[in-house]
Every structure is written in C-alpha cells, then in structure tokens.
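# Fold and contact review
Here are the chains, one letter per residue:
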Amino acid sequence: MSKVYFSTWRGEQINNIGKADEEWEKSAYNLPLEYNEHASSKAFIGWDGVALFSPDVDVVRLATEYAAQYQVYSEACGRCAPGRWGGRILYDLLDKIARGEGALSDMEHLKEVSKTMQETSKCEIGKTVPNPLLDLMNHFESEFMACIEGQKPSKHYHMHDTNYIAKITAPCMDACPAHVDIPAYIEGVRDLRFDDSLMATRQTMPLAHTCGRVCPHPCETECRRTNLDEAISIMELKRLGADYETDHGFGFFHPAQKKPSIGKKVAVIGAGPAGLTGAYYLALEGVDVDVYEELPVLGGEVAVGVPEYRMPIDKYNQDIEAVRDLGVNFITNTKVTADMMRQFENDYDAVLVATGTRISKKVYCDNERPEIQGYWGAIDFLDKVNLQVKYDIMVPEADQKRHMLPANFVDLSGKTLACVGGGFTSMDVVRCAIRAGAKKVIMLYRRDEATIIKNTTYEEYHEAVEEGVEFIFHSAVAKMNDENDVLKSLTVDRFELVPDPNGGRPTLEKIDGASFDIDVDYLIPAVSQSADLKLLPEEWEIERTSWATIKTNGKDYMTSRKGIFAAGDCEYGPMTIVNAVGQAKRAASVMARYVQSGEITLSDDEIMEDHLRKLKVYDKKEKIKGWLPGLPRAHSEVLTVDERKDNNREVKYGFTQEEALAEAERCMRCYYIAMVAH
Amino acid sequence: MINFTINGQPVTAQKGETILQAARKAGFYIPTMCYLEKTTPCASCRLCVVETDKTDGFILSCQTPPTEGLSVTIDSENLKAERTNIMRLYDVNHPLECGVCDKSGACDLQNKTLEFGVSAQHFSAKEQHRTIEHWGLINYDPSLCILCEKCVHVCNEIIGDDAIELQFGGYKSSVVPKNSEKLDCTFCGECIAVCPVGALVSSDFQYSANAWELTQIPATCAHCSAGCSLVYEVRHTSNALGAKPKIYRVTNDFEHATLCGAGRFGFDFGSEGAKDEAELARAVDAIQEHKAIRFSSLITNEEAYILQKLKESAGIKLYNEEARAYQDFMKAYGSISGKKSTGGSIDAVAKSDGVIVFGGRIATDNPALRYAMTTAARHNGAKVVYMHPLEDALLQNVVTQYVKYEVGTEEGVAAMLAKTLLKEADVSEETRRYFDDLDEGYLCAESNVGDEEFERISKTFARTKRKTLIIGSDLLSHGRAQNIARLCAMIEAYTDFSVVVAAPSVNTVGVSLICDLDADGANVKAVGYNAHGVYTMGSFGNVQLRLPALNSQEGTFVSINHQVLPTNVAVAFEGYTLNDVASRLGVSSANTIDYTAQLPVSSGFSGSEFDALGNFYGPLGEDRRGYVLENVDVEADGELEEVEDLPEFNGTVVYRCNPVNQFNAYTAQSRQLEKDTALRGSAQFAAAAKIANGDKIRVEFGSGSEERMFVLDGEMKGTVALVPSYDGAYGAANDRYRFEKVKISRVGSEV
Ligand SMILES: Cc1cc2nc3c(=O)[nH]c(=O)nc-3n(C[C@H](O)[C@H](O)[C@H](O)COP(=O)(O)OP(=O)(O)OC[C@H]3O[C@@H](n4cnc5c(N)ncnc54)[C@H](O)[C@@H]3O)c2cc1C
Ligand code: SF4
Ligand code: SF4
Ligand code: SF4
Ligand code: SF4
Ligand code: SF4
Ligand code: FES
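Residues numbered from 1 in each chain as written. Chains lettered and ligands numbered in written order. Predicted model: local features only at pLDDT ≥ 70, side-chain atom pairs only at ≥ 80, totals over all residues. Heavy atoms only, no water.

Residue and element names in this part refer to chain A. Where helix H17 (residues 378-391) contacts helix H19 (residues 424-435), the axes come no closer than 10 Å and their chain directions differ by 45°. The orientation of H17 relative to H19 falls into the category oblique. Considering the relative orientation of H17 and H19, their crossing is left-handed. Counted together, Ala378, Phe381, Leu382 and Val385 of H17 and Thr425, Asp428, Val429 and Cys432 of H19 form the full contact between these two elements. Of the residues that constitute the contact of H17 with H19, the class distribution is 6 nonpolar, 1 polar and 1 charged. (Axes fitted to C-alpha atoms, helices over the stretch in contact; angles between N-to-C directions. Helix = DSSP H or I, 4+ residues; strand = E, 2+ residues; numbered from the N terminus. Parallel < 35°, antiparallel > 145°, perpendicular 65-115°, else oblique. Left-handed = near helix turned anticlockwise from the far one by under 90°. Contact = heavy atoms within 4.5 Å. Nonpolar A, V, L, I, M, F, W, Y, C, P; charged D, E, K, R; others polar.)

This is the structure we're talking about:
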C-alpha cells in the first residue's frame, strides 16, 4: 500500500487530485515513495502506468523525460523500425510541446505513432513506452493544451530541480537473484551470436556453464511466457554461449575490459560461487584480489557437493578459469582463522567473507552420537565422493577406517544406506550412493512426494526413483541402534497428515504403533547445514542473524564491522548458487567503490533494481497480446537409466541447436523501462 | 505437418516452418523488408505482421510457426494501416535523393514506399549529421541504412567472418565493424548483396552506372570448383568512340546463393582477341608437331570434350596433372565404393550437424564449402573436426576440434580415422582384420595424433545425425593418394557419412570425367592451353594465340556437387575459339556448345542440349541450374593396401595455398582483389630459415625457383610457411603434393 496523489499503475485508477490529504485513496502496490534515505520520489512512471506522489509534478516534462530515457538509455531499442523511429518521434514531439512550440496536430501524431509502436514493436519496451504517455495525455490533457495553446514551456521546463532515474528490466530479470539480462542472452542465441549471448550473461553471472545446468531457475517461475503457455527454458539456453566459447577454444569473452589496477587489495575467504563472483567483479574493476580456500580445490559446494553427473567439473573449471583469467590470485589448502582475519584487516582494503554453510545439521534422534561408525554427515560424504570422482583425491586412511570403506574411495558395494533429507543435498547423496554401488538406498522424508518435488525438481526426483532409490515418505528416524559403536539399524516413526478440524493447516502427527526398524550400514543426515563462523574474531562482535549466519542489510552486504563484507550461504543460510552470485556481485560493486572512497553507496541502477524487485515486475494476471500461444517448451534429452546409473556421465544432454533455436524463438523480449523522478 | 488457413484458404506447414515460409510456398504475399531466407529472422522491420483468431494483436509471421487449426489473416485494413505507418517511419529522414543513389531502381525502400502509397514525409524528427564510411571495397552510408540487420546476419551466419555488428543507440544506431576501427574481413561482399537499400555499396561500382542500364547475364563463377551461380551485369554501350561492352559488376541471387569476394569482385579477367589467320595456323602447326596439349582445368566441359576428340582422332596426348591426380584418386575411391563419384555436396555440408575436414585449407581453397560449414556450425550447432598440419584462423569460430598431424603422414591419419569411424560398421572380416592389425602405436607416434583425439572424434560423431567428410586437395596429390582414397571410400561406403572432395580447380571434376589423361613429365614438350608449353594459347599472360576467357564463353562446368552448370558469354570475344583450332585438326562443329549433348553418358552426363539447361533458382530456392550427374556404378574390386612407412618432412617446408579471394591467373588479374604474393611464416620458421620480416628471398623448389618477399606472420605457429600459387610464378597449386621441402636464401631486404 502506498500513499499516492495519482496512479494508473497496473490498471488502478487512483485520482486524489483536489482531495484533502487525509482523504487520499491508497495504491495497492509497493511503489517507490522513498528513492533512498536522502530523497523522496515525486513520481514513478513505467510500462504499466504512472504514479504521482505529489501535486507539484510537471507531467509534460515527465512524459518528455520518459520518452527521452527510452531514446537515450535503452540499449534494447534500435532493433526494430517502429521502436527506433517511433521512439524518436515521441520524444521530438513531446519536447516540442514542452518547449512551448507544439501544435494541436502534434497530439494527434503522438497518438498515431503510439498506436503503431504498441501494435508492431519488436519488444515490450517499444510496445509499452506509449502506455504511461497516453495516460498522462488523457488525464492531464489540460496541461498539455496549456503549453500548446499558450505556446509556453511547461512549468518546470527550464528548471533543473528534478532527477530522472531510469532502469531497464524484465520479469525474468527481476526474478533472477543475479538479475541476469535474460532477454539479451536469449536474443544472442536466437541471432546465433553466441559470443554476445555469453557476454550478456557474464555482465552479472560469471558462472555461465554452471548456472546453465544446475540453477533452480527462479526466473522461470516469473517468466511472462507462462501467461501464454509455458515458461521459457531460460536456464538451459545459457549453455549455448558458454559452449561456444569452450568448444572453439576462444579466450574468455568478458563483459567488459578489465580496468587497470587501481592499487587496492581485497581478500576473499572461500572459493565457492560467492567468492568466485566477488573476485570476478572486483578484478574487472581493477582491484587486486586474493582468494583463500580451505580445500585443495576451487569451487566450493558446486565442486565438492554437486556431483559430476549433474555438473561436470571440466565445465565448472571453465567458469573458474574465466575468473582466474582476470588475474585473480587463488590460495588453496588455507583455512582462514580469526588471527588471520585480524591480520587481513590491516593487509587488505576490504574483506569478503564467503565461507558458505558446510556443517551438516543433526537429525535429532535418540542415540545420535557422531562417534557411531556409519553415521556420516552429508557434506563430508559428498566431499569424499566428489574429491575422488572429480579430482582423483583419494580418501585418507584414517577416514577410510572411520567410515568402514574397503578401499581408498567411496565403495558401498553390498551396503545399505539411508539418508534423511528432502532437498537437493539429500538427492545428491542418494544418487551418489547408487553410483557407489550400494545394495540398497533409502530416502526417509517427513513429508510427501509433492513436497519433495517442490523442494527439488520433478526430474531430479523422478530420475532418483528410476535409478532405484527407495523413498519412504511421512517417516523420520527415531533412534540409531548400534553394536559397539557400529550402526546396525534405525528405528523409524511413521507420520500422517491430520487435517485441522478448524480449517487450518494440516499437521503431521505420529502414527502410534506404526514404527519399524530397518537394517542399515550408513545413516547420512542431509537435513540442512549451518555456518562455521569461527574465523570471525570474537572481539569484532559481528552481528548474526537468528539462524546463526552473518547479518547484513541485504543491500550492500557489509557486516556490522566496517570493511568486512559477507555474501552467499554464510550470509543467507543454505540457499542456491544464483543467490550467492547475486549477493556477491552486489557486494563486489559496493566494495569497489568502498575501497576508493571509504563510503558505502549503491548506484542508481542498484537502487532501482531493489525498488523494482519490491514492486515485482511480473504480473501473473496480465493478458498477453501479440504472441501466438500453444508453442510447446523444448525439453532436452537425458541418458537412459541403464546408461547413467553406474557411472558419472552427465545425465542431461542439453539442447540440440534446433531445440535451442525453437526455444529462443518463443521468448517475447519483455523488456520494460521504469523511471523515478526525485 | 501442421494444417492451418491463410485468408480462409487451407495451407500446410512442415515442422519448424514459419507462417511466412508456409505462406510463400502457398503463393501468398506478405510484405517484408528484413527477411532473408538463408538466415535466422532479423525481425526488425515488422512489416510481416499478421492477425490470427488465437491472438490479441498482431504477430510476426517471419518468426512464428503456425499451430494446428490456426486461422491467419494477412491483409486486413488494420494491418494495412499499421504497415503504412511503418513505411512512413522508414521514410522519416531517409534522404529523398534517390536520383544519386546506386540502389535506385532496385531499392526495397523505394518499392515499398510506392507499394504503400506513402508520399510526403508524414512524420519528422530532428536531422542528424552522419558521415559515409569507406571500408575498402565497401562503402557504408549510415543515413541510408534502415537497420534491417540483414548484412549483420549474413556475415555471421553464412560467411562466418562475423565482421560487422549493429551498434545500438536507438535512432542513432548504425552498422559498425566488430572489434576494430576499420572493416577487416574477407570481403565477400555478401553484405552489399543483401542490403535492401543503398547503404552498403561496392565502392568500385558506386556512381558508375544505373541499375537499369545493365544487362544481366546468368553464369557460373570461374574461380573455384564450387561453381557458384552469379550474374554478370554488363553495359552494352558500344558508342561511336569505340567504347566496348564491359562487365560493371557481379550480383547474385542472394536469397538462395552466396558468393565469395573472388566471384563478386574478380570479374574483370577477360582478354580481347582478334582473328589472326597466321597465328591460328601456327597454333595448329604446333599441335601437329608436338602431338600434345597441356591444359589447366579453367576450361569448359565442351572444350575438354574437344580435346578428348582430338586425342581420339589425331592421337594428341593430353596433359593435366592436377586433373589426372583427381581422376586416379576417384578411380581408387570407386574401387571400394562402387560408385564413380562421391555422394556428398556443399548443400549436404550446410545441412549436417557433424563435419570432418581432412587435408586441405578449405576456407580459402573453396569458400563455398567454408560458408556451408559456417551455416552448419551456426544453424545446426555442427561439430566440426579440422584435420590438417596447419591451423586456420578463419575457421576458429567453426571448428570444434582441431587435429594437427605431421606433414606427409596423411595415409596413417586416414587409416586411423577410418578405423575410428568404422568401429561399429558392418564390414567384412578381412577389413576388420586390416584395421585390427594396424600398428596404432606407430601411426599415432609418427603422425603425432594421439588416440584420445580419435576417441574424441568417435564420441562426437556418436551423437550426430547428418555427417559429412570433406576431403581436401592435399590428399589428391599425395604420394599415397590411392590408398588414402580407398580408406576414405570405406567411410562413405560403410557409415552414414557423405563425402565431398574439394577438387582443386574450376572444372577439375569435368575434365576428369571427360578426358583420358597422359602422364606429364619434366621435359615433355606440348602446346599449352592456359598452361605452359612450347607454344601457348589461351586467355592469360602473354599467350601466342588468344582464346576467350571463361567469362566470354558458353558451355558447362561440373562442380564438386557433380552438378553440370551452364555458363554464358558476358562480353563477346572477337577472336578464335578452341573449336576453331580443333576444326583445323579435323574435329569440327558449328558451335562449342553443340558438344554439350555429347558429353559421355558413361560418366553420368545426361545427353541434354545446352539450351535445355536452366540457370536460376526458383522463387523458393529450388535449384534449377543445369542437372546433377548420375552417379554411375563401377566395379568395386579394390582392396586396402598396407600403410607404408610414414614420411618425415624436416627442414624448411612450405605449403602452397592462396590468400583470401585468390585462386588463379584470372583472380590475379582482377583490379579489385588484393594481391598478396608474400611467403608467410611464423617466427619459428623465420629463425629456422634465417630470414626476417621484409626480406627478399629465393625459394628453391624441386622443379625451379622463385623470388618472393617474406612476411613474418605473428598469428602463425610452427615450421611450415605458406606460399601462394595463384600468381602463376610457380604453376598450379595441385600438380604435386602441396607441402614441399625447399631451400630458402636471403636475396636482399625491402626498404
Ligand atoms: C550437495 C549440494 C547440492 C546442491 N545443489 C545445488 C543446485 O543444484 N543448485 C543450486 O543452485 N544450488 C545447489 N546447492 C547450493 C549451493 O551449492 C550453495 O548455495 C552455494 O555453493 C553457496 O555458495 P557459497 O560461495 O556461499 O558457499 P560454498 O559453495 O559453500 O563455498 C564456501 C567455500 O568457502 C570455503 N571455506 C569455508 N570456511 C573457510 C575458511 N575458514 N577459510 C578458507 N576457506 C573456507 C569452503 O571450503 C568452500 O569452498 C547445493 C548444495 C549442496 C551442498
Ligand atoms: S518471455 Fe523471455 S523476456 Fe519474457 S519473461 Fe520470459 S524469458 Fe523473460
Ligand atoms: S541464473 Fe538461474 S535464476 Fe538467473 S537467469 Fe539463470 S537460470 Fe534463471
Ligand atoms: S564483405 Fe563479407 S565478410 Fe566483409 S563485412 Fe561484408 S559480409 Fe562480412
Ligand atoms: S546496411 Fe543495409 S543490410 Fe545492413 S542494416 Fe543497413 S540497410 Fe540493412
Ligand atoms: S570462387 Fe568459388 S566460392 Fe567464390 S564465388 Fe566463385 S565458385 Fe563461389
Ligand atoms: S520480415 Fe518479419 S520483421 Fe521483417
């Protein structure tokens, strides 16, 4: 709810003109009333209408500026005849009126050009720019006419009292935590300009191979094409640009030339997605970056957590090499301690903590004693599997004994393994266990099938079932049963969903007498992870969140201690790659300014990005015009069960070129332009 | 198959076809300004909008495939109104100075403006000042550019240079060279061809003639074996002052065909002649005396047939080493495949999703094959394996696996390649044993190609569906050419690969199918026809008897597609023809093209008369040029031979290959084409040969020597240098194996 003077946003008709302040009707939307802590906004104008926050707005100038922004700043325009010339004419005519030189016929021409743009432009930006302009011309006709009839400039035409800040966005771009310029990279695919496609991705997402494979793609949930038929397969289309670079052995297509060194140094702790991303964008800005990593390998959980068959390491390494290519210095096998952090504060101009959440949480059952052999945390289990599969780093002898392994790799032949979880991590555990030759693999999950699909993906669940994982739903481990500290079996409780007689949410209740025992050799807890923050010196008293991660304001990613920043899972809690990337990209941008000016600032683009996310660009009720429904979403082929279950070959083939082009062709280029006047 | 309707009439579309494509096939007209059949849709002009019963608002017909049962309207009043408005926008600030524009008369903007009845400038915007760019053979005028993006699409998707891009800036957008200040490209000129207005023009042609003064002569390009279709545009203004008809430019049916720069800009190679009885008599005497003719493959089928008849009737020996090598190669090939010709074509390459190139510098040897590979790579995501001792930078954005082998080891590589691709094939036990018995360790070590490289090829091709193998001309003249041919034939015979051979010269294929060739030797005396000899005739250099060049002749060629392609006279030739010479030797007919119908049926020719041959593409791109040879059966009695010891090439080695757009004495004569005659090598080569950039050097070959400049090429690696052959200083590229050990000495240095 926002208090506005006038609004046509998303079709609402709020008109408080002439009403007393306390009678003002409110807008239903989260409009950006405050631009930032220093300035309140005067107006907001965008693809779906216009909102005025005060009576003192020069609407003729506002319209002119919006048309100008479209002309001047929009990279998206210039690619179709109506948008290119139409946009210019809109601006020229509006400016003519605003200057006090307009004629009545100009109003007619404006409407005529607007209609052609709305009907025939290539992308939404050209189709929608006329919308708020027409709104203003309709609702404030008298102000336009005053300029024309009086041949006088609009009321603020010659004043420089207002800033006009514009931003290009799109529903999918807004929903992507890294705000990847999705329409641009899809356009690159459609135009067979794969280098452009990759450079568009890398503007905000350096891990193109990776996020083209294992991103849970929140963007697709807010793809506007959903309103017509099915969402675009956004994620996979990212692979074409990345593959083009890799297949032809080009150097790296960076989104911009690396700036010469500015003589500032930053330490990044952790070489996971967050650390890599932070390093990449800091390096592009000319900052010297040292990345410290505890493990012998780079990549964080995507390297040692996500298995080879989902994310081939040679592809991930390509993403990592792109970071190294900018001159980033990696220091592996080095666990950063509190003492080192104290030292870093002196040695570096800023520090980015990106240590993730690598401690597996307990399942909270009886007799859950870590010393019992066969009890093995998911993160450590996957570390051991991945280090061997991807890097040939074998299991050390002590761990081999500890986990009862017959050899120096994870060989589960003849063993039964149970995993407790329900998210991505647990899914990786059970599928790796199948590949490690386990006799029987069981997944215990408190809730039902639909929920596990929601938490992972349909494909992931379905593939696990195909490979022979046994899912026991509505179940939880009550007790671990051991003999001399060796795990023998589990006692499992069963639950049922009991509807709330008062119509509330159904609750899970234990079914008495339904508990049973299963014989197992291993129990892998994969319920969730927590952060190990021992590296933060206690005396710094860095603030934590209630779930024991590092606290920031979620905008500039600085911790409570100046110069120390945090991004990724250690800030947010266990989340996704793209979330880590988005946070670290923002942090890098803030840090690059901070190391030079000592101040924490956000760019106009970033401020607008946050405003738009709050407002939400995607409108699931919108009815789509100008596109033919019924063109199905492309699906890429996967290996058959027999081809995949005993090896680590990548399960998904990725799109054939034909599929990719057909899919790219479906994208509607839903670029929009929004502008705040403050 | 999708059934839908256009304006109420039933229409069907294939899977993947757009509404526009289906409409055109069914004969409906939807206006477009940015559509180019051979590229992905540019989707910039928006004129192709249509209405349907399932959509709100207009949709784009050029990028939307129809859905079952859709009902499409292509010409409502609404559509007309918006299309007219778009045309009005196009005309905003487009300088109405058509009188001085090259495109006038053939301009899409002019035509569409008329079609939609747009008159005065309805809308206006502030003028902007823009300067004309001069990019060598091409001029670009941004104020005429309608930003349709056709040029950008064709350069990236078909040519592969990816040399230009759109600089976005709304109203100020323009076409700019990509990643460089000035245009640095292979100057194919295809961007000029596709430009619908006069924004991109040939700098040579600009202001020289009006479109309507030119006569169009459809012909076949006379520079390489691809046999591209082109149109010579000739002004026939013979005036009192004796001005002669002249070719002003070359154009092409760019919707369906593509030309390289040689075809487009290298048209002025004609020679003039006069009828000198005495010279003709000397030519006839010379032939009678030496009883031998040496000729190049810059020759029509009909002329080759005349030579063959001379051989048959007068016992004249025929020498053409390059065609003989091709002939022998194909004979050996056929002894395994059981067919006279290979089964592939340039078009098959363009449609494939997996290509292997083996033994040739394809991008410059045969640009049409390069464009087909670019098309395959971009449009089909084709995997392209390039096997050659030298990497080629022109192909970097096409090649996905480069396999470098040692010079001379082609036979070993062919054996390993065949073994790799035939792994799953149903071959005879004997063949299986042959491959099992190969000494892989030796072959891999000597050729320097690891088994993992073959393993990768095997994996790549396991998932491709339409595969082609391009055989380069290095293999044709290799000492072990015939066994290589047999190994390659195995691949075509026992797998789903189709094979195309990049024959070295314009009509190598035709000559090889028509003539019985004799083995030439170092001191053999013969009359030269466009080749060296004791007496010379032909159309280049200082020949004694002038005969018409290939742009002054009618007749046919056989392209590497095994297509018999007609060509026509662009400018008439006043002197004698080979037919006149032959008449004096007892082989006579009224016109050379009388022989078209007599071309040997046993080689697959159809017996068609010349006048029955078409020379154009149908409106939907149907190839109506000449006809395709029948692939005649031959006896499959060949056997694979043991791979011989692989030779070593140490010391200074050069590779005969031409710079971009250069092929032969014709292109060497052409005014607009760049003539780089330097020997190019890497720093490593320079060090080994003890020469430096800019040095004048003497290169001693087995059969002679020549002087050239040395240019140190920073992009090159390795110890093999490139030596051009088009300038004729050293004869044709393919008389012998293209790599050769030479002696290089420094003669002086360039100031
Ligand atoms: C098994 C599994 C599967 C997953 N699958 C997906 C998926 O499919 N899609 C998806 O989007 N997300 C997935 N995730 C989540 C995703 O991997 C994480 O959200 C992401 O890796 C977080 O990135 P990060 O950089 O914040 O942390 P991490 O990737 O955890 O990286 C932190 C790095 O810091 C290092 N480090 C920690 N402490 C120190 C120290 N003191 N000194 C030096 N180095 C230190 C660690 O060794 C580690 O390398 C998965 C996670 C797991 C565990
Ligand atoms: S259709 Fe394309 S631009 Fe529109 S929301 Fe979906 S992916 Fe984004
Ligand atoms: S990174 Fe992930 S969320 Fe963002 S665009 Fe890509 S697939 Fe979508
Ligand atoms: S001449 Fe050919 S290569 Fe050069 S820009 Fe034009 S299309 Fe591209
Ligand atoms: S130069 Fe010609 S082909 Fe290229 S965008 Fe402009 S008008 Fe189109
Ligand atoms: S030289 Fe070859 S590729 Fe170039 S136009 Fe002529 S036939 Fe075509
Ligand atoms: S032909 Fe469809 S937009 Fe130009």
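As a further point, take the packing of helix H1 (residues 59-72) of chain A against helix H5 (residues 130-139) of chain A. Axis angle and axis distance: for two packed helices, these are the angle between their axes and the distance between the axes, and together they describe the pair. Residue and element names in this part refer to chain A. Two elements in contact, H1 and H5, have axes separated by 10 Å at closest approach and are oriented at 165°. In this view, H1 runs roughly antiparallel relative to H5, as classed from their interaxial angle. You can see that H1 and H5 cross each other, and the crossing is left-handed. Every residue of H5 that contacts H1 at Val59, Leu62, Ala63, Tyr66 and Ala67 is listed here: Pro132, Leu133 and Leu136. Along the lines of polarity and charge, the residues of the contact of H1 with H5 split into 8 nonpolar, no polar and no charged.

Let's shift gears to the interface of chain A and chain B. Reports of interface size often rely on the accessible area that becomes lost once the parts have come together. In this assembly, 49 residues from chain A lie in contact with 62 residues from chain B. Of all residues in chain A, the largest losses of buried area upon contact with chain B belong to Trp85, Arg193 and Leu628 of chain A, amounting jointly to 15% of the total for that side. Seen at the junction of chain A and chain B, the total is 8 salt bridges. Residue arginine 193 of chain A is joined to aspartate 162 of chain B by a salt bridge in which the shortest nitrogen-to-oxygen separation is 3.0 Å. Contributions of two or more residues to the side of chain A that touches chain B are made by helix H2 (81-99), helix H3 (104-120), helix H9 (194-202), helix H12 (234-247) and helix H26 (657-666) of chain A. Top contributing element to the side of chain A that touches chain B by residue count: H2 of chain A, with 8 residues. When grouped by side-chain class, the residues that make up the side of chain A that touches chain B number 18 nonpolar, 12 polar and 19 charged. (Buried area = accessible area lost by both parts, 1.4 Å probe. Salt bridge = Lys/Arg side-chain N within 4 Å of Asp/Glu carboxyl O.)

Taken together, Ile138, Cys155, Asp161, Ile164, Leu183, Cys185, Thr186, Phe187, Cys188, Gly189 and Cys191 of chain B make up all the residues around ligand 4. A breakdown of the residues in the shell around ligand 4 according to their chemical character gives 8 nonpolar, 2 polar and 1 charged. (Near = heavy atom within 4 Å.)

With the rule as written, the count across this model stands at 33 aromatic pairs over all chains. Ring geometry for tryptophan 376 of chain A and phenylalanine 381 of chain A: centres 5.1 Å apart, planes at 90°, overall edge-to-face. Residue tryptophan 376 of chain A is classed as buried on the basis of its relative accessible area of 1%. Residue classification places phenylalanine 381 of chain A among the buried positions, given a relative accessible area of 0%. What links up through ring pairs into an aromatic cluster is the set Trp9, Phe44, Trp47 and Tyr672 of chain A. Between the NZ or CZ atom of lysine 265 of chain A and the centre of the ring of tyrosine 348 of chain A, over which it lies, the distance is 5.1 Å. If you follow arginine 249 of chain B out to its NZ or CZ, it ends over the ring of phenylalanine 205 of chain B, 4.1 Å from the centre. (Phe/Tyr/Trp six-rings, centres within 6.5 Å; stacked < 30°, edge-to-face > 60°. Buried < 20%, exposed > 50% of the residue type's maximum accessible area, 1.4 Å probe, protein only. Lys NZ or Arg CZ within 6 Å of the ring centre and 35° of its normal.)

All names here are of chain B. Judged by pairing direction, the sheet is parallel, and its 5 strands sit side by side in the order S18-S17-S16-S19-S20 without closing on themselves. On the outer flanks of this sheet lie strand S18 (401-403) and strand S20 (497-501), each paired with one strand and no other. When strand polarity is set aside, the average angle formed by the axes of neighbouring strands in this sheet is 15°. Here strand S17 (residues 383-387) runs beside S18; their pairing, made up of 3 bridges, is parallel. Paired with methionine 387 across the bridge in S18 is valine 403. In the packing of helix H17 (residues 481-494) onto the sheet, contacts are made with strand S19 (467-471) and S20, and the angle to S20 comes to roughly 140°. (Pairing = 2+ DSSP bridges.)

This part covers the side chain of threonine 357 of chain A. Residue and element names in this part refer to chain A. Position of threonine 357 relative to the elements: it lies in the loop between strand S13 (350-353) and strand S14 (359-360). On the accessibility criterion, threonine 357 (2% relative accessible area) is buried. Setting aside residues no more than four positions away along its own chain, threonine 357 makes contact with Gln529, Ser530, Ala531, Asp569, Cys570, Gly573 and Pro574.

On the surface, Glu430, Glu635, Asp637 and Glu639 of chain B cluster together to form a negatively charged patch. Here glutamate 430 of chain B lies in helix H14 (residues 429-436). (Patch = residues over 30% accessible without salt bridge, like charges linked within 9 Å, V, L, I, M, F, W, Y side chains within 5 Å. Areas by Shrake-Rupley, 256 points an atom, 1.4 Å probe, with all protein chains shown as cover. Lys, Arg positive; Asp, Glu negative; His and termini not counted. Charge placed at Lys NZ, Arg CZ, Asp CG, Glu CD.)

So, about the site of ligand 1. Residue and element names in this part refer to chain A. Near ligand 1, the surroundings consist of 36 residues, among which Val214, Glu293, Arg310, Val336 and Asp569 are the closest. Taking proline 273, its main chain carries an N or O atom lying 3.2 Å from an oxygen atom of ligand 1. Taking methionine 575, its main chain carries an N or O atom lying 3.2 Å from an oxygen atom of ligand 1. If ligand 1 stood free it would expose 980 Å²; the protein chains cover 97% of that surface. Elements with a contribution of two residues or more to the shell around ligand 1: helix H13 (273-284), H17, H19 and helix H23 (577-597). (Polar contact = N/O pair within 3.5 Å; in protein donor to acceptor, adjacent residues only side chain to side chain.)

What the domain assignment reports for chain A is domain 1 (6-162), domain 2 (172-254 + 618-665), domain 3 (265-358 + 531-602) and domain 4 (360-528). A straight line from the C-alpha centre of domain 1 of chain A to that of domain 3 of chain A covers 42 Å. (Domains from an automatic or database assignment.)

Together, Arg446, Arg447, Lys454 and Arg505 of chain A make up a positively charged patch on the protein surface. For lysine 454 of chain A, a relative accessible area of 70% corresponds to the exposed category.

Residue and element names in this part refer to chain B. Only one face of strand S31 (residues 695-701) is covered, namely the one carrying Asp695, Ile697, Val699 and Phe701; the face carrying Lys696, Arg698 and Glu700 has none of its residues buried. For S31 and strand S35 (residues 743-749), the ladder comprises 6 bridges, and the chain directions are antiparallel. Bridge pairing in S35 links lysine 696 to glycine 748. Note that S31 and strand S32 (residues 704-712) share 6 bridges and pair antiparallel. Residue phenylalanine 701 lies in a different strand from S32, and its bridge partner there is glycine 704. What sits between the antiparallel neighbours S31 and S32 is a turn of 2 residues.

Comment: phi is negative for the bulk of residues other than glycine, and the bulk of peptide bonds are trans. All names here are of chain B. Positive phi, close to 60°, is recorded for histidine 562, a residue that is not glycine. With respect to the helices and strands, the residue histidine 562 is situated in the loop between strand S24 (555-558) and strand S25 (563-567). The backbone of lysine 690 shows a phi angle near 55°, a positive value even though the residue is not glycine. The residue lysine 690 is located in the loop between helix H21 (683-689) and S31 in this model. The exposed category is assigned to lysine 690, whose relative accessible area is 69%.

Let us now look at the environment of aspartate 347 of chain A. Relative to the helices and strands, aspartate 347 of chain A resides in helix H16 (residues 338-347). Here aspartate 347 of chain A falls in the partly exposed class, since its relative accessible area comes to 37%.

Once that is clear, we can look at the sheet that holds S24 of chain B. Residues and elements named next belong to chain B. Judged by pairing direction, the sheet is antiparallel, and its 3 strands sit side by side in the order S24-S25-S28 without closing on themselves. Unpaired on one side and paired on the other, S24 and strand S28 (627-628) mark the two borders of the sheet. Relative to S25, S24 runs antiparallel, the two sharing 4 bridges. Within S25, the residue paired with threonine 556 across the bridge is proline 566. Together, S24 and S25 form the strand contacts of helix H8 (residues 301-314), whose direction differs from that of S24 by roughly 90°.

Glancing now at the domain arrangement of chain B. According to the domain assignment, chain B consists of domain 1 (2-90), domain 2 (124-265), domain 3 (277-324 + 515-628), domain 4 (344-501) and domain 5 (653-746). Summarising the inter-unit geometry, the C-alpha centres of domain 3 of chain B and domain 4 of chain B are found 33 Å apart.

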